[in-house]
Amino acid sequence: MPSSPEDTTDHTGRHDPSGSPDSLILHATDNGVSTITLNRPEAMNAVTWDQRERVIALLSQASTDPGIRAVVLTATGRGFCAGADLRGAPATGDRVPGDVARTIRLGAQRLIAAVLDCEKPVIAAVNGTAAGIGAHLAFACDLVLAAESAKFIEVFVRRGLVPDGGGAYLLPRLVGPQRAKELMFFGDSLPARDAERLGLVNRTVPDDELPATARAWAQRLAEGPTRSIALTKQLVNASLDADRATAFAAEAMAQEINMTTQDANEGVASFVERRAPKYRGI
């Protein structure tokens, strides 16, 4: 299976020994931005078991590495991600009751949770078709940029399947239950411009402008108050499942925590001193 070598250089310029020359995930961190690229274009980037585990590990690394302050998730070729490719999963014996649910919990749901729980903002740069778990991978990101040629497909119904990978959780929160049902019941291809109109995409750009736009957005985030953005992400995500009293209490506590950061102090000081803030991500 052809692949391109992974860029295993970290933000300090050091070699990352966890990388593999045969990896189907390209990864590079530059100037505070971690770029994770699915690199299996001949399969429209249908994600394998090994790829999924690598993406989860890189998102976890982004959370803990102070040198990473924003993440871009994208892909090579004509497809962003055509769904899950289970052919690379570890071999198992005869199926027993609970196997399917366990596979979903430990597989697709872990991948989506890794994006939602990442403590750094994650931008999806959707370069092509995003189908099934591929669409949900994009929708789980904090911001979604899409090339004009991109399209989103809730493909499960075409195979007689129930949406997984958090689809029935994510979509109603993004577009409401009726629109979510329409997308999931029919499984029609949704062009990027229509996805933007529905609120699934932040911005649609010409195909050749996607990498530069994603980079510009990520760089802007990487220069921002990292902990403040992380706390804001947590508040927004949690608010969708909370009542007002819980949301208000979480907001107050987040601000309490945030005011202990150097960036918060810098933000206030820069306002008082009438100068641009210089955030360090701490």
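Scope of this entry: the structure provided in the associated data block. (Residues numbered from 1 in each chain as written. Predicted model: local features only at pLDDT ≥ 70, side-chain atom pairs only at ≥ 80, totals over all residues. Heavy atoms only, no water.)

**Digging into the pairing of strand 3 (residues 70-75)**
Buried residues dominate strand 3, accounting for 6 of its 6 residues. Side chains Ala-70, Val-72 and Thr-74 project from strand 3 onto one buried face, and the interleaved Val-71, Leu-73 and Ala-75 project onto a second face that is buried too. The pairing of strand 2 (residues 33-38) with strand 3 spans 6 bridges and is classified as parallel. Bridge assignment links Thr-37 to a residue of strand 3, and that residue is Thr-74. Where the polypeptide runs from strand 2 across helix 1 (residues 49-64) and back to strand 3, its parallel neighbour, the crossover connection is right-handed. Where strand 3 lies against strand 5 (residues 122-126), 3 bridges are found, and the strand directions are parallel. Pairing of Val-72 across the sheet is with Ile-123, part of strand 5. (Buried < 20%, exposed > 50% of the residue type's maximum accessible area, 1.4 Å probe, protein only. Helix = DSSP H or I, 4+ residues; strand = E, 2+ residues; numbered from the N terminus. Pairing = 2+ DSSP bridges. Right-handed = clockwise from strand over helix to strand, strands pointing away.)

**Description of the packing of aromatic side chains**
Per the stated rule, a full pass over the model turns up 1 aromatic pair. When the ring of Phe-139 is compared with that of Phe-152, the centres are 5.3 Å apart and the planes differ by 25°; the resulting orientation is stacked. Separated by 13 residues along the polypeptide, Phe-139 in helix 4 (residues 133-139) and Phe-152 in strand 8 (residues 151-153) bring together distant segments of the chain. The buried category is assigned to Phe-139, whose relative accessible area is 6%. In this structure, Arg-173 is placed above the aromatic ring of Tyr-169, and the distance from its NZ or CZ to the ring centre is 3.8 Å. (Phe/Tyr/Trp six-rings, centres within 6.5 Å; stacked < 30°, edge-to-face > 60°. Lys NZ or Arg CZ within 6 Å of the ring centre and 35° of its normal.)

**Some remarks on the pairing of strand 5**
Where burial is concerned, most of strand 5 is hidden: 5 out of the 5 residues are buried. Burial along strand 5 is two-sided: Val-122, Ala-124 and Val-126 facing one way and Ile-123 and Ala-125 facing the other are all buried.

**Details of the packing of helix 1 against helix 3 (residues 108-117)**
The geometry of helix 1 relative to helix 3 is characterised by a closest axis approach of 9 Å and an angle of 20° between their N-to-C directions. For the element pair helix 1 / helix 3, the angle class is roughly parallel. Crossing angle aside, the handedness with which helix 1 passes helix 3 is left-handed. The residues of helix 3 that touch helix 1, namely those facing Arg-52, Glu-53, Val-55, Ile-56, Leu-59 and Ser-63, are Ala-108, Arg-110, Leu-111, Ala-114, Val-115 and Asp-117. (Axes fitted to C-alpha atoms, helices over the stretch in contact; angles between N-to-C directions. Parallel < 35°, antiparallel > 145°, perpendicular 65-115°, else oblique. Left-handed = near helix turned anticlockwise from the far one by under 90°. Contact = heavy atoms within 4.5 Å.)

**Section: helix 9 (residues 226-239)**
Quick reminder: α-helices carry 3.6 residues per turn. Residues three or four places apart thus point the same way. Its 14 residues place the ends of helix 9 20 Å apart at the C-alpha level, agreeing with the 20 Å of an ideal helix rising 1.5 Å per residue. Of the positions making up helix 9, those classed as buried are Thr-226, Ala-230, Leu-231 and Lys-233. Across the axial projection of helix 9, the buried residues extend over an arc of 155°, all falling on one side. (Expected span 1.5 Å × (residues − 1). Arc of directions from axis to C-beta.)

**With respect to the sheet that holds strand 3**
The strands making up a sheet are joined through hydrogen bonds of the backbone, oriented either antiparallel or parallel. Spatial ordering of the open sheet is given by 1-2-3-5-7-10, a layout of 6 strands whose pairing is mixed. The open sheet has two edge strands with one neighbour each: strand 1 (25-30) and strand 10 (203-205). Neighbouring strand axes in the sheet, compared pairwise and without regard to direction, differ in orientation by 20° on average. One ladder, built from 6 bridges, connects strand 1 with strand 2; its direction is antiparallel. Within the sheet, the bridge partner assigned to Ile-25 lies in strand 2 and is Leu-38.

Any link to function would need more than the numbers given here.
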